[in-house]
Amino acid sequence: MSAYTLKSANGMEARVLDYGGIVVSVRVPDRHGRFDDVVLGYDSLADYLRSSPYFGAIIGRYGNRIAGGRFTLDGKTYTLAKNNGPNHLHGGLKGFDKVVWDAAPFQGADSVGLVFRYTSPDGEEGYPGTVRATVTYTLTDRNELIFDYHATTDRATLVNLTQHSYFNLAGDGKGDILGHVVTLNADRFTPVDSTLIPTGEIRSVSGTPFDFRTPTAIGARIDQDDEQLRYGRGYDHNFVLNKGADGGPTLAARVYEPSSGRLMEIYTTEPGLQFYSGNFLDGTLRGKHGVVYRHRYGFAMETQHFPDSPNKPSFPSTTLRPGEQYRSRTIYKFAVQP
Ligand code: GLA
């Protein structure tokens, strides 16, 4: 297995493994030009192999949950691993986060990157069809980290790929993320049951702790007495992104960390964003340089189709058929604010 370092002309740097396509570190400047690592992860591959809550990894074939580990496609019912209580999560026992991807580095005019390829055999983790997946990581001289996903299949199947980096824009291990100020371009979200499966309702965020349409600290309302926050143990919900008409990447989220001045913007072609506030981090994992990942020391923003779409006919479809191309693009753009 190999590690790769991507470095942009102005010093931004990302370290990536071919195992799981894991983004191990991302170094970006603060408002004084000081670089820090802003993602959670481990020092060694052995740590990732032992146990990881998907730190930095590519998620597939299906990012997020499928209720009861079952879905029906073209009249046939498929059974998947229940690896998250009664549900299937993030592709199963050995998802795309736990396979070794074929990696090919490239150099562009104003960018560097890696093309990751993986062929998932028919029946892998219970999913039908041979899926050929390509995920391209590009680091640009504009301080963007871009993920381009592409997949084809030889039988009708499900595809919903995402990236599971956990961020702390103050710097990895430097406290919890509750002071990060989040703006989400989402008027609605998908409420869940107590096992985090969407009920099927598309609910307005208006008047709820899920209204991030104006900049709000993650911690401002996270402990309110709210059924959805109780089910998620905080934020662990899919937001329905407001979309333009052209299908290109649109602004999904803006996250600002006041002490460092770091700002991250997320643009995506996907219809949804899972905002996870690191609620399951509980101080048992030790990350890079031995830091202890306590409660809410990182947050994830997973661009995706909605959870449990295969069992929710009213949600945008995650079915991929032979002859079709699955394409998805997400951009993490880093900047600073005074
Ligand atoms: C996703 C899920 C969370 C949690 C993390 C990994 O974000 O929505 O509930 O499982 O992955 O710990």
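Small disclaimer: the values here were computed from a predicted structure and weren't measured. (Residues numbered from 1 in each chain as written. Predicted model: local features only at pLDDT ≥ 70, side-chain atom pairs only at ≥ 80, totals over all residues. Heavy atoms only, no water.)

Looking only at helices and strands, the protein features 2 helices and 29 strands. Each of the three principal axes of the protein carries a C-alpha extent, and together these read 60 × 50 × 45 Å. When each of the 338 residues of the protein is scored for burial, the buried share is 59%. Summarising the internal contacts of the protein: among those between residues at least 6 apart in sequence, 67% fall at separations of at least 24. Here the protein has roughly 12,900 Å² of accessible surface; of this, 49% comes from carbon and sulfur atoms. Across the protein, the centroid of the 36 positively charged side chains sits 1 Å from that of the 37 negatively charged ones. (Helix = DSSP H or I, 4+ residues; strand = E, 2+ residues; numbered from the N terminus. Buried < 20%, exposed > 50% of the residue type's maximum accessible area, 1.4 Å probe, protein only. Contact = heavy atoms within 4.5 Å. Areas by Shrake-Rupley, 256 points an atom, 1.4 Å probe, with all protein chains shown as cover. Lys, Arg positive; Asp, Glu negative; His and termini not counted. Charge placed at Lys NZ, Arg CZ, Asp CG, Glu CD.)

Here the focus is the site of the ligand. Close contacts around the ligand come from 13 residues, with Arg65, His90, His164, Asp236 and Glu302 the closest. Measuring from an oxygen atom of the ligand, one finds a side-chain N or O atom of histidine 164 at 2.9 Å. Glutamate 302 is positioned with one of its side-chain polar atoms (N or O) 2.7 Å from an oxygen atom of the ligand. Surface burial for the ligand is 95%, taken as the share of its 300 Å² of free accessible area covered by protein chains. Residues of the shell around the ligand, tallied by class, amount to 7 nonpolar, 3 polar and 3 charged. (Near = heavy atom within 4 Å. Polar contact = N/O pair within 3.5 Å; in protein donor to acceptor, adjacent residues only side chain to side chain. Nonpolar A, V, L, I, M, F, W, Y, C, P; charged D, E, K, R; others polar.)

Here the focus is the pattern of salt bridges. Working definition: two side chains of opposite charge can pair if their charged atoms are close together. What the rule picks out here adds up to 20 salt bridges. With a shortest N-O distance of 3.6 Å, aspartate 36 and arginine 262 are connected by a salt bridge. Highlighted residues: aspartate 36 in strand S4 (residues 35-37) and arginine 262 in strand S23 (residues 262-268), separated in sequence by 226 residues. Judged by its relative accessible area of 22%, aspartate 36 falls in the partly exposed class. A salt bridge links lysine 98 to aspartate 97; the nearest nitrogen and oxygen atoms lie 2.8 Å apart. Relative accessible area serves as the criterion here: at 28%, lysine 98 is assigned to the partly exposed category. (Salt bridge = Lys/Arg side-chain N within 4 Å of Asp/Glu carboxyl O.)

It is worth spelling out the sheet that holds strand S18 (residues 188-190) at this point. Spatially, S16-S27-S24-S21-S18-S19 is the arrangement adopted by the 6 strands of the open sheet, whose pairing is antiparallel. The open sheet is flanked by strand S16 (166-167) and strand S19 (203-204), the only strands paired with a single partner. The pairing of S18 with strand S21 (residues 236-240) spans 3 bridges and is antiparallel. In the strand pairing of S21, threonine 190 is matched with asparagine 238. (Pairing = 2+ DSSP bridges.)

A word on the nonpolar core. Ranked by size, the top nonpolar core spans 59 residues in total, and within it Val26, Met301 and Phe334 carry the most contacts. The element contributing the most residues to this core is strand S12 (residues 131-140), with 5 residues. Discounting chain neighbours no more than four positions away, the residues touching valine 26 are Met12, Glu13, Ala14, Asp36, Asp37, Val38, Val39, Leu145 and Phe334. Counting residues in hydrophobic clusters, the runner-up holds 16 residues, among them Tyr19, Tyr48, Leu285 and Ala300. (Core = buried A, V, L, I, M, F, W, Y, C linked by side-chain atoms within 4.5 Å.)

On to the packing of aromatic side chains. Scanning the entire structure with this criterion turns up 27 aromatic pairs. Relative to phenylalanine 239, the ring of phenylalanine 189 has its centre 6.2 Å away and its plane inclined at 35 degrees; by these criteria the two rings are tilted. With phenylalanine 189 in strand S18 and phenylalanine 239 in strand S21, this pair connects stretches of sequence that are 50 residues apart. Note on phenylalanine 239: relative accessible area 0%, which makes it buried. Taken together, the aromatic side chains of Phe96, Trp101, Phe116, Tyr118, Tyr137, Phe147, Phe167, Phe299, Tyr332 and Phe334 make up a single cluster linked through ring pairs. Of note, lysine 76 hangs over the ring of tyrosine 78, and the distance from its end group to the ring centre comes to 4.9 Å. Above the ring of phenylalanine 212, the side-chain terminus of arginine 221 is found at 4.7 Å from the ring centroid. (Phe/Tyr/Trp six-rings, centres within 6.5 Å; stacked < 30°, edge-to-face > 60°. Lys NZ or Arg CZ within 6 Å of the ring centre and 35° of its normal.)

As a further point, take the environment of alanine 57. Summarising the element assignment, alanine 57 is placed in the loop between helix H1 (45-50) and strand S5 (58-59). Distance in space between the C-alpha atoms of alanine 57 and arginine 296 is 18 Å, their sequence separation being 239 residues. Beyond its immediate sequence surroundings of up to four residues, alanine 57 is in contact with Gly20, Ile22, Asp97, Thr162, Gln163 and His164.

Here the focus is the sheet that holds strand S10 (residues 102-107). With antiparallel pairing, 9 strands are arranged side by side in an open sheet as S10-S11-S12-S13-S29-S23-S22-S17-S20. For this open sheet the edge positions go to S10 and strand S20 (216-217), each flanked by a neighbour on one side alone. Note that strand S11 (residues 111-120) and S12 share 10 bridges and pair antiparallel. Note that in S12 the partner of phenylalanine 116 across the bridge is valine 135.

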